[in-house]
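# Per-entry structural report
As a plain string of letters, each chain reads:
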Amino acid sequence: MALPFASSFRDLDLARKFSLLLFLVFLGGIIVSGVALSTILNRNAQDVISSKALMMMETMNSVRHYTNTQVRPELEGRLVSEFLPETVPAYSAREVFEKLREGRTYSDFFYKEATLNPTNLRDKADGFESQIVERFRQDANLPEVRGFRDTPSGELFYIARPIAIREASCLQCHSTPDVAPASMIERYGTANGFGWKLNEIVGAQIISVPAQQVLKNSRQAFLLIMGSLEFYQPPQPNLKHEG
């Protein structure tokens, strides 16, 4: 038994068949193009967010370098009898970032120096972050990792770069407890943050943002482009025929 549409299609004249096929091709093209466009826009939104995150990460690296080369040497004498967290690069970077988050531009971003064996346990890498750090340790040529992860508060888009011990001054607090400042030992104890080695990858800088922010930017661009197609009216097939 022939389908009604197939029967109607056979009864159409050549011009109307061509109009119908043209309409179906146009419709299929819109669907395929929409899927491709959505993928491209989603990737572009990730790149925009990543670009902003990398700029922030470079800023944090500058803060770390400034703290380690200019702040810490000036307070070296006090560190013998008093531990000053302000002289720790990771602490300075975290505090500066939290200040940035007070502004609307960066309020959705989160920063963490996820470390396998940190002195301050607030920097302790969780299971997912530990896997990222291990990837960097296994592949010294891997510059960064980015993607999505699920958390109890929702899905996050993240970008991560390795943290390696490049300056010997870092080992003054992280080699062995006997050479670490006594005031630091008094505050944090001797169980964590020791045994680090020069050039070793000990953690990862991770900046993340709620995934909905990435999808929101992509969706807005998609709707804007697809909305412009409303001004184009494709040929409408006329299925009526005289019998």
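Whatever comes next refers back to the structure up there.
Once a new chain begins, its residue numbering starts again from 1 and follows that chain's sequence as written. Local features in a predicted model are, by the rule used here, given only for residues with pLDDT of at least 70; side-chain atom pairs are given and counted only at 80 or more, and totals for whole chains, interfaces and linings are based on all residues. To get the side-chain values, all heavy atoms of the structure are used, and hydrogens and water are removed first.

### Concerning the overall build of the chain
What the chain contains, in helices and strands, is eight helices and four strands. A run of H or I in DSSP becomes a helix once it reaches four residues, and a run of E becomes a strand once it reaches two; helices and strands are each numbered from the N terminus. Each helix and strand of the chain, placed in order from N terminus to C terminus, yields the pattern α-α-α-α-β-α-β-β-α-α-β-α. Buried positions account for 34% of the 243 residues belonging to the chain. For accessible areas, the Shrake-Rupley method is used with a probe of radius 1.4 Å. Any residue's cover is judged against the shown protein chains and nothing else. Surface summary for the chain: the accessible area is close to 14,800 Å², and the carbon and sulfur share equals 57%. The classification of residues rests on relative accessible area computed with a 1.4 Å probe and restricted to protein chains. Under 20% of the type maximum is buried, over 50% is exposed, and intermediate values are partly exposed.

### Structural notes on the state of the cysteines
Criterion for a disulfide: a pair of cysteine sulfur atoms within 2.5 Å. Taken as a whole and assessed by the stated rule, the structure comprises zero disulfides. C173 supplies the cysteine sulfur nearest to C170, a cysteine that is in no disulfide, at a spacing of 8.5 Å.

### A few points about the sheet that holds strand β1 (residues 110-115)
DSSP calls a pair of strands paired once it identifies at least 2 bridges connecting them. Strand order in the open sheet formed by four strands is β1-β4-β3-β2, and the pairing between neighbours is antiparallel. The open sheet has two edge strands, β1 and β2 (145-151), and neither has a second partner. On average, each strand axis in the sheet is inclined to that of its neighbour by 30 degrees, with strand direction left out of account. Two strands pair when backbone bridges link them, and strand β3 (residues 154-164) and strand β4 (residues 201-210) are joined in this way by nine bridges, in the antiparallel orientation. To get an axis, fit a line to the C-alpha atoms, keeping to the stretch in contact for a helix; angles then go from 0 to 180 degrees between the N-to-C directions.

### Things to note about the packing of aromatic side chains
Aromatic contacts are taken between Phe, Tyr and Trp rings whose centres are within 6.5 Å, Trp giving its six-membered ring; a plane angle under 30 degrees counts as stacked, one over 60 as edge-to-face, and the others as tilted. Summed over all chains, the structure comprises five aromatic pairs. With a centroid separation of 5.1 Å and 55 degrees between ring planes, the pair formed by F148 and F157 is classed as tilted. Since its relative accessible area comes to 33%, F148 is described here as partly exposed.

### Brief notes about the pattern of salt bridges
In what follows, salt bridge is the name for a side-chain nitrogen of Lys or Arg lying within 4 Å of a carboxyl oxygen of Asp or Glu. According to the stated counting rule, one finds 13 salt bridges in the structure shown. In this structure, the salt-bridge partner of D123 is R94, at a minimum N-O distance of 3.5 Å. Of the two residues, D123 sits in the loop between β1 and α5 (127-138) while R94 sits in helix α4 (residues 89-100), which places them 29 residues apart along the sequence. Assigned by exposure class, D123 and R94 land together as buried. In the salt-bridge network here, residues are joined through shared partners; they are E58, E144, R146 and R161.

### A few points about the nonpolar core
Ranked by internal contacts, the top residues of the largest apolar core, which has 15 residues, are M56, F97, F109, Y111, I159 and I207. Elements supplying a minimum of two residues to this core: α2 (14-74), α4, β3 and β4. If one sorts the elements of this core by residue count, α2 sits on top with six residues. For I207, the residues in contact, after removing those within four places along its chain, are A53, M56, M57, F97, F109, F110, Y111, F157, Y158 and I159. For our purposes a nonpolar core is just a set of buried Ala, Val, Leu, Ile, Met, Phe, Trp, Tyr and Cys residues, chained together by side-chain atoms within 4.5 Å. I132, V145, A164 and I201 belong to the second largest nonpolar core, which has 13 residues in total. Contacts between residues were defined by any pair of non-hydrogen atoms, one from each residue, lying within 4.5 Å.

### Thoughts on the side chain of T115
Looking at the element boundaries, T115 is found in strand β1. Not counting chain neighbours up to four residues away, the residues in contact with T115 comprise D123, K124, A125, W196, V202 and G203.

### Here we look at the side chain of R94
Residue R94 is classed as buried on the basis of its relative accessible area, which comes to 18%. Once you skip the residues sitting within four places of it in the chain, R94 turns out to touch Y111, R122 and D123.

### Comments concerning the pairing of β3
Direction of pairing for β2 relative to β3: antiparallel, over a ladder of seven bridges. The partner of T151 across the bridge, within β3, is G154. Linking β2 to β3, which pair antiparallel, is a turn of two residues.

### A few points about empty space enclosed by the protein
Buried and open spaces are told apart on a 1 Å grid over the protein atoms alone, a cavity being a set of points where a 1.4 Å probe fits but cannot get out and a pocket being an open set with protein on both sides within 12 Å along at least five of seven lines. Residues with an atom within 4 Å of a point are the lining residues. Grid points are joined across faces, edges and corners, and a volume is the space filled by probe spheres set on the points. Counted under the stated rule, the structure contains one cavity of 30 Å³ or more. What the largest cavity holds in volume is close to 490 Å³. As for the largest cavity, its lining consists of 29 residues, and the residues nearest its centre are V88, P89, A90, H174 and W196. Of all the elements in the fold, those that place two or more residues in the lining of the largest cavity are α2, α4, β1, α6 (171-174) and α7 (182-188).

Limitation: the analysis is restricted to geometry and does not speak to function.
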